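Survey of secondary and tertiary structure
If you want the building blocks of each chain, they are given just below.
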Amino acid sequence: MLTPLDIQNKEFNNSFRGYKESEVDSFLDEIIIDYEKLYKENIELKDKITLLNDHLKQYSNLEETLKNTLVVAQGTAEEVTTTAKQKADLIIMEAEEKSRRIIADAHDEVLKIQKEYESLKKEIYVFKTRFKSLIEAQLSTLEDYYSEIEQASNNEMGEDVENIEAINSEDTGKIENLEEKENTKDIDDMGA
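Being a predicted model, the structure only gives us computed values, none of them experimental. (Residues numbered from 1 in each chain as written. Predicted model: local features only at pLDDT ≥ 70, side-chain atom pairs only at ≥ 80, totals over all residues. Heavy atoms only, no water.)

1. As for the overall build of the protein chain
- If you tally the helices and strands in the protein chain, you get 3 helices and 0 strands.
- In the protein chain, the order of α-helices and β-strands from amino to carboxyl end is α-α-α.
- Burial statistics for the protein chain: of 192 residues in total, 7% are counted as buried.
- In the protein chain, of all internal contacts separated by at least 6 residues, the share reaching a separation of at least 24 is 76%. (Helix = DSSP H or I, 4+ residues; strand = E, 2+ residues; numbered from the N terminus. Buried < 20%, exposed > 50% of the residue type's maximum accessible area, 1.4 Å probe, protein only. Contact = heavy atoms within 4.5 Å.)

Below you can see the structure in the form of structure tokens.
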């Protein structure tokens, strides 16, 4: 490509029938000025193109980086979402299992308390029955004892005190034997 300096330094040979030298020089000077402007503008435009291409490459690289970052971010977001969902499902499963265990334990505890209640009701009934029997036996023994004393005092007012003591000691022995039998029976029933 010709430079403005090449045009300026160009020399033509003189010929007999040539153009007027001053007009050619004047025209060449105009051409040099215009060509120099175009040449400088062309260099500037090439520099701009180079600069713009560099910027374009940077933007392309930036775009590629952003695309890669976006892909990674999407993958990470999906992974985080999946992990969060899995954790949530696991927490829900654990909570449901724990609630089932709590309900089962509570149900077992209710059954245990009901059995204890029934057992206590039976023990109370047995105790009442035994106590009632014991009291009735004691009352019966006392009634027998007092009726024997009345009969003895009515029939034998004249007998001496030794006979009364003999009866008393005999009745006391009966009462003691009866109490021992009742106590043994109560102890045996409690063990049953």
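From this point, things continue past the structure.
2. With respect to the environment of E36
- Position of E36 among the secondary structure elements: in helix α2 (residues 21–155).
- Considering only alpha carbons, one finds E36 and T3, 33 residues apart in sequence, at a separation of 7.6 Å.

3. Concerning α2
- Along its 135 residues, α2 runs 193 Å from first to last C-alpha, staying within 8% of the 201 Å computed at 1.5 Å per residue.
- Among all positions of α2, only L28, I32, R130, A137, T141, Y145 and A152 are buried. (Expected span 1.5 Å × (residues − 1).)

4. Overview of a negative patch on the surface
- Among the surface-exposed residues, E21, D25, D29, E30 and D34 lie close enough to one another that they form a single negatively charged patch.
- By the secondary structure assignment, E21 is in helix α2. (Patch = residues over 30% accessible without salt bridge, like charges linked within 9 Å, V, L, I, M, F, W, Y side chains within 5 Å. Areas by Shrake-Rupley, 256 points an atom, 1.4 Å probe, with all protein chains shown as cover. Salt bridge = Lys/Arg side-chain N within 4 Å of Asp/Glu carboxyl O. Lys, Arg positive; Asp, Glu negative; His and termini not counted. Charge placed at Lys NZ, Arg CZ, Asp CG, Glu CD.)

5. Some words on the pattern of salt bridges
- Here the structure, examined in full by the defined rule, presents 3 salt bridges.
- Between K40 and E36 there is a salt bridge, with its nearest N and O atoms 3.6 Å apart. In this pair, K40 and E36 are both assigned in helix α2, 4 residues apart and thus about one turn of the helix distant.
- Judged by its relative accessible area of 32%, E36 is partly exposed.
- For the salt bridge of R100 with E97, the shortest nitrogen-to-oxygen distance reads 3.3 Å. Pair noted here: R100 and E97 are both in helix α2, with a separation of 3 residues, about one helical turn.

6. Comments concerning the packing of aromatic side chains
- According to the stated counting rule, one finds 3 aromatic pairs in the structure shown.
- Ring geometry for Y35 versus Y39: centroids 6.3 Å apart, planes at 25 degrees, classification stacked. Of this pair, Y35 and Y39 both sit in helix α2, separated by 4 residues, roughly a single helical turn.
- Take Y39: its relative accessible area is 26%, and that puts it in the partly exposed class.
- Considering the side-chain rings of F127 and F131, the 5.8 Å spacing of their centres and the 15 degrees angle between planes classify their relative orientation as stacked. Residue F127 and its partner F131 are located together in helix α2, separated by 4 residues, close to a single helical turn.
- Of the residues examined, F127 reaches a relative accessible area of 55% and is grouped as exposed. (Phe/Tyr/Trp six-rings, centres within 6.5 Å; stacked < 30°, edge-to-face > 60°.)

7. Description of a nonpolar patch on the surface
- On the surface, F127, F131, I135 and L139 cluster together into a nonpolar patch covering about 410 Å² of accessible area.
- Tracing the chain through its elements places I135 in helix α2.

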